[in-house]
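Structural overview for review
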Amino acid sequence: MKEIGLYIHIPFCKQKCFYCDFCSFSNREKEISSYMNALTQEIKSWEEKLKSYKIKSIFVGGGTPSIVPIEEMDKILEVIHSKFHMSESLEFSIESNPGTINKENLTYYLSNNINRLSMGLQAWQDTHLKNLGRIHTREEFLKNFLLAREIGFENINIDLMFGLPNQKMKEWEETLDHITDLNPEHISAYSLKIEENTHFYKLYEKGQLNLPTEALDRNMYHFTMDYLFDHGYEHYEISNFAKKEKGCIHNKVYWNNEEYIGFGLGAHSYFNKKRFSNTMDMKVYLNNISKKISPCVFEENISREDEIAETMFLGLRMMKGIHIESFKARFGFTPFKIYKEEISNFEKLGLLYTDEEHIRLTRKGIDLSNQVFIAFLPN
Ligand code: SF4
């Protein structure tokens, strides 16, 4: 049986964080019930197409899935468990934010096979949390993390961000210090990006955002790599670190350029040599689903040339890089047949490193990764 990953999007949040451009909105909790009904219908409609597939990972992301009441979450979990074949080693993650999890929902998740909890913290200092527009304090995070452990979660991710306005190196060190003391299985550490249509973007345009310099941002990142390595975390993807064998199976589906189906508002899929995505308009989504019309608004065929290029630049995001033999097994030739010149040029520039088994980014290559990825895009 072929394997596949599922992504389920929950677009509701208590409050919009100042940096966030995800498909999510606040103060629309009233729509949760009708949305979950539609989502259930959309998931059901894939039963036939996924009959010959085994689900290897499920990721309920958002938004803040943990604000969805249990009886609403139950609608989709019931369908998922009854309609699809699950892998014995299924990784089932849910995203959450401190202040929205409690004994009741955590116990419910665990007893419904959700075995991985992802918690958004971002920073250790309450001043930064407030300045980011987060809904919680560090104390609430701590309480929630310890509660999740007590209830039995043995696989927890913590999301962090560096390069924050007014953030000092010392504060980032303090964040990593406290988080590693808690010993989560997984840490995601992203550099803050100022995205259009966010509150931060407006402040940035007005010159009111005091961001760290590029050099400090890179120092923070390099410190993260060294510090987490010293604390037993494998740096397995540009922004992701994990204890042994705790790398996120679902995210590796994306980076290995494997198939996945996304359900819900704005969700993306890659299936049967096609990439497609759903509408981001709630009205259209609910209306289409009620009329049994697909909510998909974008679709593109992925040619073999596209697939080769995507496999290269997605695979290079992982620190072990492209496994040359696996690439050959997939396409019938090694990456050198098509990209000999690019690979050799980047090796000379010290951005790529090649040995008998892998092609991977060097430390310098990680900092200039976009420059490398662009070179593998189809013309
Ligand atoms: S909780 Fe997450 S999805 Fe919601 S607004 Fe904040 S960053 Fe965006």
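If you're wondering where the values come from, they're calculated on a predicted model, not measured in any experiment. (Residues numbered from 1 in each chain as written. Predicted model: local features only at pLDDT ≥ 70, side-chain atom pairs only at ≥ 80, totals over all residues. Heavy atoms only, no water.)

**Considerations on the domain arrangement of the protein chain**
Each assigned domain of the protein chain is listed here: domain 1 (2-255) and domain 2 (304-375). One C-alpha centre belongs to domain 1, the other to domain 2, and the line joining them spans 28 Å. Across the boundary between the two partners, domain 1 contributes 12 residues, which contact 11 residues of domain 2. In this assembly, domain 1 packs against domain 2 so that about 1100 Å² is buried in total across both faces, 56% of it on carbon and sulfur atoms. Counting across the domain 1 and domain 2 interface gives 3 salt bridges. Among the salt bridges present, the one from Asp 226 reaches Arg 363, with a minimum N-O distance of 2.6 Å. When contributions to the side of domain 1 that touches domain 2 are tallied by element, the ones reaching two or more residues are helix H8 (214-230), strand S9 (234-237) and helix H9 (249-255). Top element by residues in the side of domain 1 that touches domain 2 is H8. It accounts for 5 residues. Of the residues that constitute the side of domain 1 that touches domain 2, the class distribution is 6 nonpolar, 2 polar and 4 charged. (Domains from an automatic or database assignment. Contact = heavy atoms within 4.5 Å. Buried area = accessible area lost by both parts, 1.4 Å probe. Salt bridge = Lys/Arg side-chain N within 4 Å of Asp/Glu carboxyl O. Helix = DSSP H or I, 4+ residues; strand = E, 2+ residues; numbered from the N terminus. Nonpolar A, V, L, I, M, F, W, Y, C, P; charged D, E, K, R; others polar.)

**So, the sheet that holds strand S17 (residues 358-361)**
Pairing between the strands of a sheet comes from backbone hydrogen bonds, and it takes one of two forms, parallel or antiparallel. In space, the 3 strands of this open sheet follow the order S15-S17-S16, with antiparallel pairing throughout. Here the strands that pair on one side only, and so sit at the sheet edges, are strand S15 (322-323) and strand S16 (352-354). In the sheet, S15 pairs with S17 via 2 bridges, with the strands oriented antiparallel. When the sheet's bridge partners are listed, Ile 322 is paired in S17 with Ile 359. Helix H13 (residues 335-348) rests against S15, S16 and S17 of the sheet, and its axis sits at about 125 degrees to S16. (Pairing = 2+ DSSP bridges. Axes fitted to C-alpha atoms, helices over the stretch in contact; angles between N-to-C directions.)

**Some details on the pattern of salt bridges**
Tallied over the full model, the rule gives 17 salt bridges. Measuring nitrogen to oxygen at the nearest pair gives 2.7 Å for the salt bridge that ties Glu 31 to Arg 28. Judged by its relative accessible area of 23%, Glu 31 falls in the partly exposed class. Here Arg 360 and Asp 355 are joined by a salt bridge, their closest N and O atoms 3.5 Å apart. Residue class for Arg 360 comes out partly exposed when judged on its relative accessible area of 24%. The class of Asp 355 is partly exposed, set by a relative accessible area of 29%. Through salt bridges with shared partners, a single ionic network connects Asp 217, Arg 218 and Asp 367. (Buried < 20%, exposed > 50% of the residue type's maximum accessible area, 1.4 Å probe, protein only.)

**Things to note about the packing of aromatic side chains**
By the definition in use, this model includes 21 aromatic pairs. Seen from their ring centres, Tyr 108 and Tyr 109 are 6.2 Å apart, and the 65 degrees between their planes marks the pair as edge-to-face. This pair shows no difference in class: Tyr 108 is buried, exactly as Tyr 109 is. Aromatic side chains Phe 141 and Phe 145 sit 6.0 Å apart centroid to centroid with 40 degrees between the ring planes, which places their arrangement in the tilted category. (Phe/Tyr/Trp six-rings, centres within 6.5 Å; stacked < 30°, edge-to-face > 60°.)

**Comments concerning unusual backbone geometry**
Among all residues except glycine, the phi angle is most often negative; among peptide bonds, the trans geometry is most common. The amide bond that connects Gly 62 to the next residue, Gly 63, takes the cis arrangement and shows omega of 15 degrees. One can find Gly 63 in the loop between strand S4 (53-62) and helix H2 (70-83). Phi at Asn 183 is positive, roughly 60 degrees, even though this residue is not glycine. Looking at where Asn 183 falls in the secondary structure, it is placed in the loop between helix H6 (169-182) and strand S8 (186-191). Even without a glycine there, the phi angle at Lys 273 is positive, about 60 degrees. In this structure, Lys 273 sits in the loop between strand S12 (268-271) and strand S13 (274-278).

**Things to note about the nonpolar core**
Soluble globular proteins tend to pack their nonpolar side chains together in the buried interior. Ranked by size, the top nonpolar core spans 95 residues in total, and within it Ile 8 and Leu 39 carry the most contacts. What Leu 39 contacts, discounting residues up to four positions off in sequence, is Ile 8, His 9, Ile 10, Ile 76, Phe 263, Gly 264 and Tyr 285. Core analysis: the second largest hydrophobic core is formed by 12 residues, Cys 17, Met 161, Leu 203 and Leu 209 among them. (Core = buried A, V, L, I, M, F, W, Y, C linked by side-chain atoms within 4.5 Å.)

**Some remarks on a negative patch on the surface**
Together, Asp 21, Glu 195, Glu 196 and Glu 205 give the surface a local cluster of negative charge. Summarising the element assignment, Glu 196 is placed in the loop between S8 and helix H7 (199-205). You can call Glu 196 exposed: its relative accessible area is 53%. (Patch = residues over 30% accessible without salt bridge, like charges linked within 9 Å, V, L, I, M, F, W, Y side chains within 5 Å. Areas by Shrake-Rupley, 256 points an atom, 1.4 Å probe, with all protein chains shown as cover. Lys, Arg positive; Asp, Glu negative; His and termini not counted. Charge placed at Lys NZ, Arg CZ, Asp CG, Glu CD.)

**Remarks on the pairing of strand S1 (residues 2-10)**
Among the 9 residues that make up S1, 7 are buried, leaving the element largely enclosed by the rest of the structure. Across 9 bridges, the pairing between S1 and S4 is parallel. Counterpart to Lys 2 in the pairing with S4 is Tyr 53. Summarising the sheet, S1 and strand S11 (residues 260-263) pair through 4 bridges and their orientation is parallel.

**A word on the state of the cysteines**
This structure, assessed with the given rule, holds 0 disulfides. Free of any disulfide, Cys 23 has its nearest neighbouring cysteine sulfur in Cys 20, separated by 9.5 Å. Among the residues examined, Cys 23 registers a relative accessible area of 14% and is labelled buried. (Disulfide = S-S within 2.5 Å.)

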